[in-house]
Amino acid sequence: MAKKQWNRREFLRDSTAAVAGSALAGFFIGDARSFGSPGKRLSPNERPGIALIGAGGRGRSDANTAGNYGDVIAVCDVDERHRNKAAKELKAEHQYHNFRSLLQERDDVHVVVNGTPDHWHTLINLMAVRTGRDIYSEKPLTLTIDEGKRLVREVKRHGTVFQTGSQQRSDSNFRKACELVRNGRLGKLKHIEVGLPTGPKEGPFSAEPVPSALDWDFYQGQARWMPYNGHNAHWNFRWWYRFSGGQMTDWGAHHCDIAQWGHGTERSGPVSVNGKEIVGGMPGGYTTAVEYRVEYKYQDGVTMTVTNRADRGVRFEGSDGWIFVSRGELKASDDSLLDEPLSGDVIRLYQSDNHMKNFFDCVRDRKDPVADAEIGHRSVSVAHIGVISMRAGRPLKWDPEQEQFLGEIEANQWLSRDMRPPYDYRFIA
Ligand SMILES: NC(=O)c1ccc[n+]([C@@H]2O[C@H](COP(=O)([O-])OP(=O)(O)OC[C@H]3O[C@@H](n4cnc5c(N)ncnc54)[C@H](O)[C@@H]3O)[C@@H](O)[C@H]2O)c1
């Protein structure tokens, strides 16, 4: 079969060709304005003020939970319907259309819950960091690897308490599986099998009138502009490469996170990747991969396959057996692998039994939560390099220290994307 050629135009379809690389220059060096908690520590009986930015399904659910630990004061969304619904449900007094106004005006907001689509996460997170807020941001943390590197740098520099919404880290089954693997319960770890859902294959779609409540230009943000079609906003943004990475990043961010936690590479990454799109998107419809298989290798020889398959979850395979973990399921080649407690001088992983509570505990104690910004960035990086290899149609070598492809000029261009003005880094400068 002929090898798929590198197709720069294909990538450009999902970003904007109009902006020169200069738009990606060092705007991250912003002024640190401390309105919130880093400048002013909360006393134990003070409740942090919370703003929800991105009030769709997940954002509302996160903010509801966050309301157990603070007061939801403000809600921001570019869709008036979502904003009104969330403000009512969360009893939030203030509503905003533009997150910049919210972050500039509200000194009573200490914490931002970011429930926007993936392509908006980084600009909002960066501005929240610079204005001194702590952040609970949904996964997949970024749209590109370059975004993640900028975010991690700024979070460290500002001392932000940052929790990625990878809540599997606060589930005892996942922690137990990873702790057992890390302590050699499987003998030598050899292979990790990650199962994700199959993506939808739908389309073509025709342009439709934009609902009057939705600011479609603002919604699209950095992504290259496309007509609204009723299938490219809200839940379905996931299936367009311009906004997200399909199942590879949507579920991949969760399960690759667990794979790297168990492997002990949560702040690093693989050294090679070979992605294959088995069934691709639909012309004129969803663009992300439907069926796919991505193979990775790590420095220590451990291999990992990420593919769409029926048994979704993470299966660690070692010389002495296997352990499979998924939501609500933990099983092994032999029950004794799970039943025998670890004893003595063992590696204990960060214990959090409630993802949101862990975040708010850390806001008070100024500690790192269980899924800090670097972990969120590194987990989705695994998915991003898989998508890049898949779309390039060839295997690539990855340097997890420099966070670059080796010997690749073209592939390295896709570590960032041109951003459609005005929604580039200047938007939050
Ligand atoms: N942790 C989990 O298990 C989990 C589950 C579901 C979704 N998520 C993540 O949560 C995020 C949101 O997903 P969803 O399913 O709730 O999507 P959604 O479409 O229901 O909600 C996104 C909301 O963000 C709004 N929005 C878009 N651009 C905005 C901007 N610039 N400013 C303010 N609001 C803006 C949209 O209008 C919409 O209301 C995604 O990143 C998704 O991957 C995580």
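Chemist: Give me the site of the ligand: which residues, what numbers.
Modeler: Taken together, 30 residues surround the ligand, and among them Arg58, Asp77, His82, Asp118 and His234 come closest. Here an oxygen atom of the ligand and a backbone polar atom of Gly57 are 3.1 Å apart. Between the ligand and the protein, one listed contact pairs an oxygen atom with a backbone N or O atom of Thr116 at 3.5 Å. Contributing elements (two or more residues each) for the shell around the ligand: helix H2 (57-66), helix H5 (118-130) and helix H8 (216-220). When residues in the shell around the ligand are grouped by element, the largest group, three residues, is from H5. Across the shell around the ligand, the residue classes tally to eleven nonpolar, eleven polar and eight charged. The residue makeup of the shell around the ligand includes at least three contributed by each of domain 1 (17-169 + 359-371) and domain 2 (171-351 + 380-413).

Chemist: An account of helix H6 (residues 145-158) is needed here, citing residue identities and associated values.
Modeler: Spanning 14 residues, H6 covers 20 Å between terminal C-alpha atoms, matching the ideal 20 Å at 1.5 Å per step. Every buried residue of H6 is accounted for by Ile145, Glu147, Gly148, Arg150, Leu151, Val152, Glu154, Val155 and His158. Looking at the packing, one finds that the buried side of H6 touches H5, strand S6 (162-164), helix H13 (373-392) and strand S14 (396-399). Positive backbone phi, approximately 65°, marks Gly159, located one or two places after H6.

Chemist: Can you explain empty space enclosed by the protein? Please cite residues and give values.
Modeler: Overall, the coordinates contain two cavities of 30 Å³ or more when judged by the stated rule. Reported here for the largest cavity is a volume of approximately 160 Å³. Taken together, 15 residues make up the lining of the largest cavity; nearest its centre are Leu143, His384, Ile388, Trp414 and Arg417. With four residues, the single largest contributor to the lining of the largest cavity is H13. Partitioning the lining of the largest cavity into residue classes produces eight nonpolar, five polar and two charged. Among the domains, domain 1 (17-169 + 359-371) and domain 2 (171-351 + 380-413) are the pair contributing at least three residues each to the lining of the largest cavity.

Chemist: Account for the sheet that holds S14, naming residues and giving values.
Modeler: Reading across the sheet, the nine strands line up as S13-S12-S11-S7-S10-S9-S8-S14-S15 and stay open at both edges, with mixed pairing between neighbours. Two strands close off the open sheet at either side, each with one partner strand: strand S13 (329-332) and strand S15 (404-405). Inspection of the sheet shows strand S8 (residues 272-279) paired to S14 by two bridges, in the antiparallel sense. Looking across to S14, one finds that Ser272 is bridged to Lys397.

Chemist: I'd like to hear about the sheet that holds strand S2 (residues 71-76), residue by residue, with values.
Modeler: Spatially, six strands are ordered S3-S2-S1-S4-S5-S6 in an open sheet, and the strand pairing comes out parallel. One side of each edge strand has no neighbouring strand; the edge strands of this open sheet are strand S3 (94-96) and S6. If you compare each strand with its neighbour and ignore which way they point, the axes differ by 20° on average. Along the sheet, helix H12 (residues 355-365) makes contact with strand S1 (49-53), strand S4 (111-114), strand S5 (134-137) and S6, crossing S5 at roughly 170°.

Chemist: Which residues make up the side chain of Thr307, and what are the values?
Modeler: With respect to the helices, strands and loops of the structure, Thr307 is situated in strand S10 (residues 303-308). Excluding its chain neighbours within four sequence positions, the residues that come into contact with Thr307 are Glu193, Val194, Gly195, Leu196, Tyr292 and Arg293.

Chemist: Give a detailed account of the layout of surface pockets, specifying residues and quantitative values.
Modeler: Quantified by volume, the largest pocket comes out at close to 690 Å³. Together, 36 residues line the largest pocket, and Arg58, Gly115, Thr116, Phe237 and Arg238 are the ones closest to its centre. When contributions to the lining of the largest pocket are tallied by element, the ones reaching two or more residues are H2, H5, H8 and helix H9 (247-250). In terms of residue count, the dominant contributor to the lining of the largest pocket is H5 (four residues). Here the residues of the lining of the largest pocket sort into 14 nonpolar, 14 polar and eight charged. Mapped onto the domain boundaries, the lining of the largest pocket takes at least three residues apiece from domain 1 (17-169 + 359-371) and domain 2 (171-351 + 380-413).

Chemist: Just give me the short version of the nonpolar core, but keep the residues and values in it.
Modeler: Nonpolar side chains in soluble globular proteins tend to end up buried together. By size, the foremost hydrophobic cluster in this structure holds 47 residues, and its most contacted members are Ile192, Met248, Tyr296, Met304, Phe316 and Phe405. In this view, Ile192 contacts Ala259, His263, Val302, Thr303, Met304, Thr305, Val314, Arg315 and Phe316; residues no more than four positions away in its chain are not counted.

Chemist: Lay out the pattern of salt bridges in plain terms, naming residues and giving numbers.
Modeler: Across all of its chains, the model carries 28 salt bridges by this definition. Put simply, Asp79 and Arg81 hold a salt bridge, and the shortest N to O gap is 2.7 Å. For Arg81, a relative accessible area of 42% corresponds to the partly exposed category. Here Glu403 ties to Arg378 by a salt bridge, and the two come within 3.6 Å at their closest N and O atoms. Remark: Arg378 occurs in helix H13 and Glu403 occurs in the loop between S14 and S15; sequence separation between them is 25 residues. Each of the salt bridges in this network shares a partner with another, and the network as a whole consists of Lys156, Arg267, Asp372 and Glu374.

Rules of the game
Every chain is numbered on its own, with residues counted from 1 as its sequence reads. At least 70 in pLDDT is required for a residue's local features to be given in this predicted model, at least 80 for side-chain atom pairs to be given and counted, and no such filter applies to totals for whole chains, interfaces and linings, which use all residues. To get the side-chain values, all heavy atoms of the structure are used, and hydrogens and water are removed first. Proximity is defined per residue: if any heavy atom of the residue lies within 4 Å of a molecule or strand, that residue is considered near it. Here a polar contact is taken to be a pair of N or O atoms separated by no more than 3.5 Å, where protein atoms must pair a possible hydrogen donor with a possible acceptor and residues adjacent in sequence count only if both atoms sit in side chains. Segments assigned H or I by DSSP are reported as helices when at least four residues long, segments assigned E as strands when at least two residues long, and all are numbered from the N terminus. Asp, Glu, Lys and Arg are counted as charged, while Ala, Val, Leu, Ile, Met, Phe, Trp, Tyr, Cys and Pro are counted as nonpolar; the rest, among them Gly, fall into the polar class. Residue ranges for the domains trace back to a domain assignment, done automatically or taken from a database. A helix is expected to span 1.5 Å multiplied by its residue count minus one. Buried, partly exposed and exposed residues are distinguished by accessible area as a fraction of the type maximum, computed with a 1.4 Å probe on protein chains only: under 20%, between the cut-offs, and over 50%, respectively. In what follows, residue pairs with any heavy atoms lying within 4.5 Å of each other are defined as contacts. Whether a set of points on the 1 Å grid over the protein atoms alone is a cavity depends on a 1.4 Å probe fitting there but being unable to get out, while an open set qualifies as a pocket with protein on both sides within 12 Å along at least five of seven lines; lining residues are those with an atom within 4 Å of a point. Grid points are joined across faces, edges and corners, and a volume is the space filled by probe spheres set on the points. The pairing criterion is simple: DSSP has to find at least two bridges between the two strands. To get an axis, fit a line to the C-alpha atoms, keeping to the stretch in contact for a helix; angles then go from 0 to 180 degrees between the N-to-C directions. Here, nonpolar core refers to any group of buried Ala, Val, Leu, Ile, Met, Phe, Trp, Tyr and Cys residues whose side-chain atoms link them within 4.5 Å. What makes a salt bridge here is a side-chain nitrogen of Lys or Arg within 4 Å of a carboxyl oxygen of Asp or Glu, nothing more.

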